[in-house]
Amino acid sequence: MRNIIIKEIENMADEKNTNRMSKNEYYLGIAFAVSKRSTCLKRRYGAVIVNNDEIISTGYNGNPRGEENCCDRGDCKRMNLPSNSGDYNDCFSVHAEQNAMLSASRNEMLGSTIFLAGEKYDDDGWVEIDDAEPCPICFRMIKNSGIDRIVSKKGITNLRD
């Protein structure tokens, strides 16, 4: 009963304040802000893991701690290769989703949602990614971690029935 009342109050608040962003927009905005810490020259991704409306962890893509970053080196070996191919033998970066999962315990991730946002570099500069999605390796890791949903501007992917 209490949950129904809380839900009704939340719905009423949203109806009264139509300028208020949704929670998905809020967490996607945070994921986009996190992506600004990325050290990649090709694609900047940010990830935010949320459970019960609480941020559990964040992550952005970049080289492992203590190693030289691509942005410092001024070189990206994957600059002209396809994205999300699943073949990252020549990429030194740890993905945003992986870094976020490394910073959270499995217990915290069970039933949670991961929000993904970012931008890619093209000829005119940085452009926001409208269809952010995990690479095949990250997708398997997300499913195995206990995370239930992936949210990006593209939409919501439910991983559990």
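Everything that follows concerns the structure shown earlier in this document.
Residues numbered from 1 in each chain as written. Predicted model: local features only at pLDDT ≥ 70, side-chain atom pairs only at ≥ 80, totals over all residues. Heavy atoms only, no water.

**Focus: the pairing of strand 6 (residues 155–158)**
Two elements, strand 5 (residues 149–152) and strand 6, share four bridges in a ladder whose sense is antiparallel. Within strand 6, the residue paired with Ile150 across the bridge is Thr157. (Pairing = 2+ DSSP bridges. Helix = DSSP H or I, 4+ residues; strand = E, 2+ residues; numbered from the N terminus.)

**Points about the side chain of Glu97**
Mapped onto the fold, Glu97 is located in helix 4 (residues 96–102). In this structure, Glu97 is buried with no salt-bridge partner, the nearest side chain bearing the opposite charge being Arg43 at 8.8 Å. Contact partners of Glu97, with chain neighbours within four places excluded, come to Ala47, Ile114, Leu116, Glu133, Pro134, Cys135, Cys138 and Ile142. (Buried < 20%, exposed > 50% of the residue type's maximum accessible area, 1.4 Å probe, protein only. Lys, Arg positive; Asp, Glu negative; His and termini not counted. Salt bridge = Lys/Arg side-chain N within 4 Å of Asp/Glu carboxyl O. Contact = heavy atoms within 4.5 Å.)

**As for the pairing of strand 3 (residues 113–122)**
Extensive coverage of strand 3 is indicated by the burial of seven of its 10 residues. Alignment of strand 1 (residues 43–51) against strand 3, held across eight bridges, turns out to be antiparallel. Bridge pairing in strand 3 links Arg44 to Glu119. As judged from the three bridges shared by strand 3 and strand 5, these two strands associate in the parallel manner. Note that in strand 5 the partner of Thr113 across the bridge is Arg149. Note that strand 3 and strand 4 (residues 125–128) share four bridges and pair antiparallel. Looking at the pairing, Tyr121 lines up with Trp126 of strand 4. The antiparallel hairpin formed by strand 3 and strand 4 contains two residues in its connecting segment.

Distances and angles like these do not, on their own, reveal function.
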